[in-house]
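The primary structure of each chain is shown beneath.
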Amino acid sequence: MEPTAIPEWPGGAACAVSLSFDDGMTSQLERAIPYLDRLGLRGTFYLNTPGDAWRERLEPWKAVVEKGHEAGNHTCSHLCSRGPFGREKGLETTTLNALEADILECERRLDEVLGKRARSFCYPCYDRHVGEGESRASYVPLIAKHFVAGRGKFNGLHHVNFPAACDLSCVGSHACERMGGHELLGLCERAANKGAWTVLTFHGILEGHVSVSEVDFRELCDHLARYPERFWVAPVVEVAQRIRAWRAESA
Ligand SMILES: [Zn+2]
């Protein structure tokens, strides 16, 4: 298959767009989801399940999943590279086995409260390694073993995921904090022009230090909902499953 070959997207749309949200923040429940629901758009919400209160933490997400949104795996401990934070512990001080146990425990907790289903994974802080220096190793193969897809980060604003060529265990996404509405929808229009898949990553909507404004978020959603012939808006897991099926049919 040509690396630029494009599948037929559901509804005859020109491209696929996934809206993803990290860390289970309150503004996602209070601001993002009601607006997505109003427009009939579905997103992916990557949840952590730390400590002893994980059942309580997951409780509000039951209704979200029932409405067709995806609740993805974001690990129990949200372990990131320790260097940028000056922490004692981080991905540098753990092992592949310990990280796998953490990820699978998160999966077990999500299954218990939200029901067993296929879901995608999200790399905390976009980091994808354990160890450091000569012992540093990628944990992407671990994600490939357990998940339909793993969401990472693009290196450039012009990037899209070409369905025939992208590594589904390391799907690119745009970190959207502080972007204006016109920039957000420009990223989606770029995917439509290529027939490809783009993933947008949000954290808070007017919450936290990596947020977007509600006005800009709504401008993006309005645009996506207004042009269904251009955008198939679907959770990360569903787009990845669609690409896998298309690759299998085309092989
Ligand atoms: Zn996170």
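S.K.: Just to check I follow, could you spell out unusual backbone geometry for this structure?
M.R.: If a residue is not glycine, its phi is most likely negative; likewise, a peptide bond is most likely trans. Positive phi, close to 65 degrees, is recorded for Arg-178, a residue that is not glycine. With respect to the helices and strands, the residue Arg-178 is situated in the loop between strand S8 (174–175) and helix H6 (181–194). Of note, the phi angle at Leu-206 is positive, near 55 degrees, even though the residue is not glycine. Relative to the helices and strands, Leu-206 is located in the loop between strand S10 (204–205) and strand S11 (211–212).

S.K.: Sorry, what's going on with the pattern of salt bridges here?
M.R.: Pairing between side chains becomes possible if they bear opposite charge and their charged atoms approach one another. All told, the structure shown has 15 salt bridges when counted by the stated rule. Residue Arg-108 pairs with Glu-105 through a salt bridge whose shortest N-O separation is 2.9 Å. Here Arg-108 pairs with Glu-105, and both are found in helix H4 (residues 96–114), just three residues apart, close to one helical turn. Given the relative accessible area of 23%, Glu-105 is considered partly exposed.

S.K.: Whenever I open this one, the state of the cysteines confuses me. Can you help?
M.R.: What is meant by a disulfide is a covalent connection between two cysteines, made through their sulfur atoms. Across all of its chains, the model carries one disulfide by this definition. Through a disulfide, Cys-80 is tied to Cys-125; the S-S separation comes to 2.0 Å. Classification of the bridge connecting Cys-80 and Cys-125 rests on its S-S torsion, roughly 75 degrees, and on that basis the disulfide is right-handed. Here Cys-80 is found in the loop between strand S3 (70–73) and H4, whereas its partner Cys-125 is found in the loop between strand S4 (121–122) and strand S5 (129–130), with 45 residues between them in sequence. Here Cys-176 is not cross-linked by a disulfide; its sulfur's nearest cysteine counterpart is in Cys-188, at 7.9 Å. No disulfide involves Cys-221; its nearest neighbouring cysteine sulfur is the one of Cys-188, lying 9.3 Å away. Residue classification places Cys-221 among the buried positions, given a relative accessible area of 0%.

What counts and how
- Residues numbered from 1 in each chain as written.
- Predicted model: local features only at pLDDT ≥ 70, side-chain atom pairs only at ≥ 80, totals over all residues.
- Heavy atoms only, no water.
- Helix = DSSP H or I, 4+ residues; strand = E, 2+ residues; numbered from the N terminus.
- Salt bridge = Lys/Arg side-chain N within 4 Å of Asp/Glu carboxyl O.
- Buried < 20%, exposed > 50% of the residue type's maximum accessible area, 1.4 Å probe, protein only.
- Disulfide = S-S within 2.5 Å.

Purely geometric stuff here, so don't read any function into it on its own.
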